[in-house]
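Below are the chains, spelled out letter by letter.
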Amino acid sequence: MAQSRFHGRFETETRGCEAPACREAGEFRAPGHRPNGFDGPGQWRWFCLEHVRQFNDGYDWFEGMNADEILAAQSPASGWRTESPTFGPRAGVDGMPRWADFDDPLDAISARAGGIRSRAEREAKMAMSGQFSKDEAAALEVMGLGSDTDRRRLRRRYSELVRRYHPDRNGGNRSHEARLTAVVDAYQLLRQNKAIV
């Protein structure tokens, strides 16, 4: 399907205009009966140039909205109210780069990729040393500890991370529960390791 670069025409010989009794080719798309959503892209209606112009003249984007929803949709800040984790107050925790720390977003992406690579290398070295299994090496990464850790440091780090991620310490915010569960599981695994004294 070839698309004309400037005016949205999709040249086709097989699709006809959906306007009743029109025999022209349906080369221009318009919003369909089902919008884009969670289960995939929406459906398009296809019209000739004359009928797509008529459709656009009568199209109401605000159809089905109440007055408050229309006002909110017209706001210049519409769509910017949801906080992205990258810009949130907890950004930069656990080695995740914060966009604000970089002039170029590609530098932030590169820093994240470098962190993933170095973490994988550290896990491999710990597992190859024979002191830790692969799971234990990954657990040390979750805890933010190295292979030189001892029981006292492990307990202190565990206590610190539980305080950081527990909902009671975050005003009831349960968004860090998965992280808290990973920390608890990592601690339970590591405290059974005889190499950590």
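Check the entry above for the structure.
Counting restarts for each chain: residues are numbered from 1 in the order of the written sequence. The predicted nature of this model means local features are confined to residues of pLDDT at least 70 and side-chain atom pairs, given and counted, to a pLDDT of 80 or more, with totals for whole chains, interfaces and linings taken over all residues. Derived side-chain values reflect all non-hydrogen atoms in the structure, with water molecules and hydrogen atoms excluded from consideration.

Student: Honestly, the overall build of the protein in this entry has me stumped. Any pointers?
Tutor: Looking only at helices and strands, the protein features six helices and four strands. Counted from the first residue to the last, the protein has its helices and strands arranged as β-β-β-β-α-α-α-α-α-α. Under the convention used here, a 1.4 Å probe and the Shrake-Rupley method define accessible areas, while residue burial counts only the protein chains that appear. Accessible surface computed for the protein: about 14,400 Å², of which carbon and sulfur atoms make up 50%. Numbering of helices and strands runs from the N terminus, with a helix taken as a DSSP run of H or I at least four residues long and a strand as a DSSP run of E at least two residues long.

Student: I would appreciate a short explanation of the environment of Arg 164 in the present structure.
Tutor: Looking at the element boundaries, Arg 164 is found in helix 5 (residues 151-165). To sort residues, take the accessible area from a 1.4 Å probe on protein chains only and compare it with the maximum for the residue type: under 20% means buried, over 50% means exposed, and anything in between is partly exposed. The exposure class of Arg 164 is partly exposed, given its relative accessible area of 25%. Distance from Arg 164 to Leu 180, taken between C-alpha atoms, is 8.6 Å for residues 16 residues apart in sequence.

Student: Looking at this structure, I do not really get the environment of Leu 145. What am I missing?
Tutor: Following the sequence through the fold, Leu 145 ends up in the loop between helix 4 (134-143) and helix 5. The spatial distance from the C-alpha of Leu 145 to the C-alpha of Arg 157 is 8.2 Å, given a sequence separation of 12 residues. Not counting residues up to four positions away in its chain, the partners in contact with Leu 145 are Leu 140, Arg 153, Leu 154 and Arg 157. Note on contacts: a residue pair is in contact if any heavy atoms of the two residues lie within 4.5 Å.

Student: How do you make sense of the pattern of salt bridges when you look at a structure like this?
Tutor: A side chain with one charge may pair with a side chain of the opposite charge, provided their charged atoms come close. Salt bridges are defined by distance alone: a side-chain nitrogen of Lys or Arg within 4 Å of a carboxyl oxygen of Asp or Glu. One pass over the structure, following the stated rule, counts three salt bridges. The salt bridge involving Arg 9 is made with Glu 27; its shortest N-O contact spans 3.0 Å. With Arg 9 in the loop between strand 1 (2-3) and strand 2 (10-11) and Glu 27 in the loop between strand 2 and strand 3 (28-31), this pair connects stretches of sequence that are 18 residues apart. Arg 9 sits in the partly exposed class, given a relative accessible area of 25%. Accessibility expressed as a relative area gives 17% for Glu 27, which makes it buried. Note that Arg 164 and Glu 160 form a salt bridge whose closest N and O atoms lie 3.5 Å from each other. Of this pair, Arg 164 and Glu 160 both sit in helix 5, four residues apart, which is roughly one turn of that helix. With a relative accessible area of 31%, Glu 160 lands in the partly exposed category.

Student: Would you take a moment to explain the packing of helix 5 against helix 6 (residues 177-190) for this structure?
Tutor: Contact pair helix 5 / helix 6: the axes reach a minimum separation of 9 Å and the direction vectors enclose 165°. Of the possible angle classes, the one that applies to helix 5 and helix 6 is roughly antiparallel. Seen from above, helix 5 lies across helix 6 with left-handed handedness. Mapping the contact onto sequence places Arg 151, Leu 154, Arg 155, Tyr 158, Leu 161, Val 162 and Tyr 165 in helix 5 and Arg 179, Leu 180, Val 183, Val 184, Tyr 187 and Leu 190 in helix 6. The angle between two axes is taken between their N-to-C directions and runs from 0 to 180 degrees, where each axis is a line fitted to C-alpha atoms and a helix contributes only its stretch in contact. Roughly parallel means an angle under 35 degrees; roughly antiparallel, over 145; roughly perpendicular, 65 to 115; everything else is oblique. Put simply, a crossing is left-handed when the front helix is turned counterclockwise from the back one by less than a right angle, and right-handed when it is turned clockwise.

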